[in-house]
Amino acid sequence: MAVMNREKVGYYESVNIIKPEDAAVLFKAEGHYPKRLRVEAWTSYRDYRNRKYGVLLKDGEDWKSNRIILNKEVISPKMQGNFVPLLDEVGQDFVARVYKKIERSGQNEWTTDLSHELFKYALESVSHVLYGERLGLLLDYIDPDAQHFIDCITLMFKTTSPMLYLPPALLRHTGARIWKDHVEAWDGIFNQADRCIQSIYRQLRKNPEASGKYPGVLASLLMLDKLSIEDIKASITELMAGGVDTTSITLLWTLYELARHPDLQEEIRAEISAARIASKGDVVQMLKMVPLLKGALKETLRLHPVAVSLQRYITEDIVLQNYHIPAGTLVQLGLYAMGRDHRIFPHPEQYRPSRWLRSQSHYFRSLSFGFGPRQCLGRRIAETEMQLFLIHMLENFRFEKQRQVEVRSTFELILLPEKPIMLTIKPL
Ligand code: HEM
Ligand code: 2DC
């Protein structure tokens, strides 16, 4: 396999790399306003509907000034303490829901494709953090609007990928189905997010004094009064939409791997039990005592990354493998390829969370959430939400898989399992 190559896909040209040493050079040359590949379908929709770009789609100084304010409320370690109780509550409710499903099955176990339940868990979690309120998605009755929102996100991703290679402007003018579906999907996403945002906004106007309780990201941003309402809306919508398929699919892959590795599942369960006892009810403390669990999530994302690649337009000339690459070039780091390269990860086909423990060097190898100031804004929420989910689930259930068939990934803008993953869940 070539270590580096130039390619022209559709209408953009890029240099592709996979080695950690090259990644280090790339990220040193990303400049003050790191810029990734522009997803034209997403910007076209906003231009078409006259909606503002959020932090995902902004660039330059506008991106930086918004991102700095959002960082404080969304990704700073200080916020972890506020998010933990909110996410912990959702995790507990999910466990209760699984017990109910097991009871109803009448067989003391539940065999299922968990993906739809996980979508609801993820949306409930991110909404609790953003709005400080529960949507109630883990109850028996599902709000059709919430279900529609979830379906719209899936459709939005699915319709984006063909448009990476066909200019949306062209599709729009020829009235193509794919563009229409894409617009419908984003309309559904924005309508639902607008409803949630409006409801919090009205409550805040009626009852402006702080109650002492953490009010959620949206209310914090509104009270801070440093971003315009339109900027806040745009980024909150992106956070809400970005918070569903990403974490739910990663959790599904993790349960799949743990079901295939029962001894490892037991080892992580033991780590969790010990951490539960040692932390004496302090959940924030507990999260600092589960390195193998965190390694499992990194290992899942190594083999099953959400983003197939990271990209940057470099702002200065660089040299990679003796090739001179001029400023302005789009450089793509193949995350999926890197995660499966034996020169970078010995025995890459093996799921081995222990390779992420402190004893080893991880120099530019842990890049699933991107890197630097442009890395995933939802990272802290995602990590906390996934860790708490696995803690609660492993404390209560054992996960098994019927046949040992390899499930591969398919590309629908993000990487997804190519077929349903069936798991059997049993009470411990
Ligand atoms: C950006 C991965 C979950 C919101 C990104 C990027 C990656 C990524 C690779 C690009 C980073 C870069 O270019 O360096 C993931 C993974 C997730 C996850 C692996 C979970 C397993 C989430 C969640 C949210 C979210 C839960 C929202 C709560 C965003 C946003 C950006 C982003 C807003 C754009 C940030 C910017 O451009 O400044 N994510 N993500 N992500 N993600 Fe995530
Ligand atoms: C897809 O060639 C493949 O986190 C393209 O939560 C290059 C590319 C560009 C941007 C990447 C995208 C890929 C995959 C999905 C990512 C996206 C940036 C953010 C987005 C990685 C690698 C994602 C899933 C966000 C989505 C938020 C949105 C729904 C509001």
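What comes next concerns the included structure. (Residues numbered from 1 in each chain as written. Chains lettered and ligands numbered in written order. Predicted model: local features only at pLDDT ≥ 70, side-chain atom pairs only at ≥ 80, totals over all residues. Heavy atoms only, no water.)

### Re the site of ligand 2
The immediate surroundings of ligand 2 are formed by 16 residues, with Met156, Glu238, Ser309, Gln311 and Leu413 found nearest. A total of 630 Å² of accessible area belongs to ligand 2 in isolation, and the protein chains cover 89% of it. Listing elements by their share of the shell around ligand 2, those giving two or more residues are α6 (144-160), α10 (229-242) and β4 (309-313). Ranked by residue count, the leading element in the shell around ligand 2 is α10, at three residues. Across the shell around ligand 2, the residue classes break down as 11 nonpolar, four polar and one charged. (Near = heavy atom within 4 Å. Areas by Shrake-Rupley, 256 points an atom, 1.4 Å probe, with all protein chains shown as cover. Helix = DSSP H or I, 4+ residues; strand = E, 2+ residues; numbered from the N terminus. Nonpolar A, V, L, I, M, F, W, Y, C, P; charged D, E, K, R; others polar.)

### Notes on the layout of surface pockets
Space inside the second largest pocket adds up to approximately 830 Å³. Lining the second largest pocket are 31 residues, and of these Lys294, Lys298, Arg379, Glu383 and Gln387 lie nearest its centre. Every element with two or more residues in the lining of the second largest pocket is listed here: α4 (77-105), α14 (291-303), α15 (335-339) and α16 (379-396). Tallying contributions element by element places α14 first for the lining of the second largest pocket, with seven residues. Classifying every residue of the lining of the second largest pocket gives 14 nonpolar, eight polar and nine charged. (1 Å grid on protein atoms, 1.4 Å probe; cavity = no way out; pocket = protein on both sides within 12 Å on 5 of 7 lines; lining within 4 Å. Points joined across faces, edges and corners; volume = space filled by probe spheres on them.)

### Focus on the coordination of the iron atom of ligand 1
Within the protein, a single donor atom binds the iron atom of ligand 1, namely Cys376 (SG) at 2.4 Å. For Cys376, the position within the fold is in the loop between α15 and α16. (Donors = N, O, S within 2.8 Å, 3.2 Å for Na, K, Ca; no water.)

### So, the pairing of strand β11 (residues 422-427)
One ladder, built from four bridges, connects strand β3 (residues 110-113) with β11; its direction is antiparallel. Across the sheet, Trp110 pairs through a bridge with Ile425, a residue of β11. One ladder, built from four bridges, connects strand β8 (residues 397-400) with β11; its direction is antiparallel. Within β11, the residue paired with Glu400 across the bridge is Thr424. (Pairing = 2+ DSSP bridges.)

### Side note on the site of ligand 1
Around ligand 1 sit 27 residues in total, of which Arg36, Arg67, Arg312, Arg374 and Cys376 are the nearest. At 2.8 Å from an oxygen atom of ligand 1 is found a side-chain nitrogen or oxygen belonging to Arg67. One of the backbone nitrogen or oxygen atoms of Phe371 is found 3.3 Å away from an oxygen atom of ligand 1. Among the elements of the structure, α3 (60-74), α10, α11 (245-260), β4 and α16 are those that each provide at least two residues to the shell around ligand 1. By residue number, the principal contributor to the shell around ligand 1 is α11, which donates three residues. Residue classes in the shell around ligand 1 are distributed as 14 nonpolar, nine polar and four charged. (Polar contact = N/O pair within 3.5 Å; in protein donor to acceptor, adjacent residues only side chain to side chain.)

### Quick notes on the sheet that holds β3
The antiparallel open sheet is built from three strands, whose spatial order is β3-β11-β8. The open sheet is flanked by β3 and β8, the only strands paired with a single partner. Within the sheet, the average angular offset between the axes of one strand and its neighbour, ignoring direction, is 30 degrees. (Axes fitted to C-alpha atoms, helices over the stretch in contact; angles between N-to-C directions.)

### Here we look at the nonpolar core
Core analysis: the largest hydrophobic core is formed by 113 residues, its most contacted members being Trp42, Phe94, Tyr131, Val217, Ile236, Ile268 and Phe389. No other element matches helix α8 (residues 177-206), which puts 11 residues into this core. Counting 22 residues, the second largest nonpolar core, distinct from the first, contains Ile18, Leu26, Leu333 and Leu335. (Core = buried A, V, L, I, M, F, W, Y, C linked by side-chain atoms within 4.5 Å. Buried < 20%, exposed > 50% of the residue type's maximum accessible area, 1.4 Å probe, protein only.)

### Digging into α10
An α-helical turn contains 3.6 residues, so any two residues separated by three or four positions project in the same direction. With 14 residues, α10 extends 20 Å from end C-alpha to end C-alpha; this agrees with the ideal 20 Å at 1.5 Å per step. Counting buried positions over the 14 residues of α10 gives 11, a clear majority of the element. Buried residues of α10: Asp231, Ile232, Lys233, Ala234, Ser235, Ile236, Thr237, Glu238, Leu239, Met240 and Ala241, and no others. At its buried positions, α10 is contacted by α2 (40-48), α3, α5 (115-131), α6, α8 and α9 (217-224). (Expected span 1.5 Å × (residues − 1). Contact = heavy atoms within 4.5 Å.)

### Considering the pairing of β4
The element β4 is extensively covered by neighbouring structure, given that four of its five residues are classed as buried. With five bridges connecting them, β4 and strand β7 (residues 330-334) associate as antiparallel partners. Its bridge partner lying in β7, Arg312 is registered against Val331.

Geometry only, nothing functional implied.
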